[in-house]
Amino acid sequence: MSGTILTFFNGLSLGSILLLIALGLAITFGLMKVINMAHGELIMIGAYVTYVIQSIFLKYVPESFFDLYFLLSIPIAFLIAAGVGILLEVSLIQFLYKRPLDSLLATYGVGLMLQQLARSIFGAPNVGVQSPSFLNGGLTIGTLVLPYSRIFILSLSILCLVAIFLYFYRTGNGRRVRAVMQNRQMAECLGVQTRKVDLVTFAIGSGFAGIAGCALTLLGPIGPTIGTYYIIDAFMVVVVGGVGALVGAVIGAFGIGFFNTVFEYFTSATIGKVLVFMLIIAFLQLRPSGLVSSRSRALDE
Amino acid sequence: MGKMLSQSMFNRKILILLCFVLLLLAPLFLSDFRLNLLGKYLAFAILVIGLDLLWGYTGVLSLGHGIFFGIGAYAMGMYLKLEASGNKLPDFMAWSGMESLPLLWMPFQNPFLAIILGIFIPIILAMFLGLLTFRNRINGVYFTILSQALVVVVVTLFVGQQGLTGGTNGLTSFKTIFGFSLSSPTTQTVIYLITAVVLAIIYLGSKKLINGRLGQVLIGIRDGENRLRFLGYDPAIFKTFIYALSAGIAGLAGMLFVLQVGIISPTMMGIIPSIEMVLWVALGGRGTLIGPILGAILVNGAKTTFSESYPDIWLYFLGLMFVMVVVFLPDGLMGLFKKFQGRWSNLHAKQPNRARVEKYYS
């Protein structure tokens, strides 16, 4: 019984991490049909920002305030990743709209460069980030211990989800973003500044990658390739979830996270991955365009 | 006068034939070490033709060709490993506590069966994935992502099954093939020549395929899949066919690779190698057959020189090349070449340029 609950919780936890990563991807992909392969490196940037802030706190700030570093690093990681995202959009991606495969390759190139940059600055070995003290230990339920850090990540991803939901469905800017997603030309005709919408949305998507990176520091040491490890699963979330609505990403993330953990529990880590992949392929036989897809009569979507 | 000069300068057939003859004569003037490197590049060039058929001509981008390459290489490696251990248990299996040869390895005792399997396992895997995705019209970036997920899955599988595949170390320390020592220069020269001939055969075959009806259909799929569908063709079948074909070619290239390099491990078929292969095609010029071959040889030559002296810079360089090629050279080096060729003949020809007319009226 306790094993079942633990597996369930682990699945939930993995799902929340995937969701945090995939949220940004789903936004940028849904809006611009651009697969940003450098998304994983934006995560890495967020993680290293946390590491740097932590190091600064260790050195210059009295110990009693040390825990504050984490709360501070979440918004800073968001801002820095968003800034890098803006830079990327302005300098590269905006020239590659309507060439999705090319933008995929170009962003991959950027990702490789960022990885190597991190390796040059911080060194190839992984660096550890000391978790804030209030996230050490765990919640004890009977014989089970659910780590606070994982509960924190779960709540963080739900918080981000709510924030994105409010932004998309309750603000004027969000309405414009959805309008551009559904029909770019028509939105443009009605006076929506699509360029501005693209830029802001891309920045937000990148910023959430930064937050995801910040969260990943709680789970273990971080390295230059930390993004690559999660990014493919996050892409699968987008493929499974579809790009029509946030619901797709949520179900996709928790679905993949849950099945991954369950399969790994019953078989081994490697066989589990294979099974999840097969499951995704099988699922796509039923819903080729993902769980939730915006209906459109256009031929090439 | 100028026109004749440009014609003879750019006479493709003669130029390519000359290059091929030069490749065949390479053992005479290259050291064993350089020849081995060139052979490796040629193996990559074989793979890249297949990838170009898929991406350059059909418009389907696969980021997972490292897998097919790797499976071919592993098939050959398994045979070599068995021959090296005298059909007894290979050393790494004993280390991971196996007692008898696993069933999976049995067919690879026979070299011919190993060669056939090295080509057909990739084909079957590609057909499986291709049919299941293309039939449902999972296209473009979605397929690309799935093909990359395939890489992750297969690599984790190969790393995880230590006892069956040698884990992260892969397969190495081969000794002989058909009884000939792999380390002798003569054997290596013969393998090099075989590689060059296979490259020529694959090149000519692909050229025939592209110039035929099938090639026109493939280009049609790339440029207007829906139009083709309305004309009564089923793009899924064609795409699956070309995907499987290019996977088979990749398997073949993998086999020739392992014979010359003497090691195959999961890192050689992972995400980064798979995407590097795409760069070779992009740099050389997708949609041309000779471009990707040039791209493969050039990039690998650069990689060998660069990563010998500055291993750190290589990834920067690789990333930068991706960005540069995509933004500034979408048609690759061949596109650049054609542009100059066009300017050259424009300078010397007074009659109206047909290409320009077509551009404005089509």
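Okay, so let's go over this structure. Just so it is clear, the structure is predicted and the values come from calculations on it, not from any experiment. (Residues numbered from 1 in each chain as written. Chains lettered and ligands numbered in written order. Predicted model: local features only at pLDDT ≥ 70, side-chain atom pairs only at ≥ 80, totals over all residues.)

### Points about the overall build of chain A
Then, in step 1: Regarding its fold elements, chain A presents 11 helices and 2 strands.
Then, in step 2: Starting at the N terminus and walking to the C terminus, you meet the elements of chain A as α-α-α-α-β-β-α-α-α-α-α-α-α.
Then, in step 3: Taking 2.2 N^0.38 as the reference for a compact globule, 301 residues should give roughly 19 Å; the C-alpha atoms of chain A span a radius of gyration of 19 Å, in line with that estimate.
Then, in step 4: Taken over the C-alpha atoms alone, chain A extends approximately 55 × 45 × 35 Å along its principal axes.
Then, in step 5: Buried positions account for 48% of the 301 residues belonging to chain A.
Then, in step 6: Within chain A, counting contacts between residues at least 6 apart in sequence, those at least 24 apart form 78% of the total. (Helix = DSSP H or I, 4+ residues; strand = E, 2+ residues; numbered from the N terminus. Rg over C-alpha atoms; globule rule 2.2 N^0.38 Å. Buried ≥ 20, exposed ≤ 12 C-beta atoms within 10 Å, placed from the backbone. Contact = placed C-beta atoms within 7 Å.)

### Brief notes about the packing of helix α10 (residues 213-230) of chain B against helix α11 (residues 235-261) of chain B
In a packed pair of helices, the relevant descriptors are the angle between the two axes and the axis-to-axis distance.
Residues and elements named next belong to chain B.
Then, in step 1: Relative to each other, α10 and α11 sit at 155 degrees, their axes nearing to 10 Å. In terms of orientation, α10 lies roughly antiparallel with respect to α11. Crossing of α10 over α11 shows left-handed handedness. Facing V217, L218, I221, E225, L228 and R229 of α10, the residues of α11 in contact are P235, F238, K239 and I242.
Then, in step 2: The residue inventory of the contact of α10 with α11, partitioned by class, reads 7 nonpolar, no polar and 3 charged. (Axes fitted to C-alpha atoms, helices over the stretch in contact; angles between N-to-C directions. Parallel < 35°, antiparallel > 145°, perpendicular 65-115°, else oblique. Left-handed = near helix turned anticlockwise from the far one by under 90°. Nonpolar A, V, L, I, M, F, W, Y, C, P; charged D, E, K, R; others polar.)

### Side note on the interface of chain A and chain B
Then, in step 1: Across the contact, 34 residues belong to chain A and 35 residues belong to chain B.
Then, in step 2: Of all the secondary-structure elements, those providing two or more residues to the side of chain A that touches chain B are α4 (100-122), α9 (226-241) and α11 (269-286) of chain A.
Then, in step 3: Among the elements that make up the side of chain A that touches chain B, the one with the highest residue count is α4 of chain A (14 residues).

The quantities given are spatial measurements derived from coordinates; they are silent on function.
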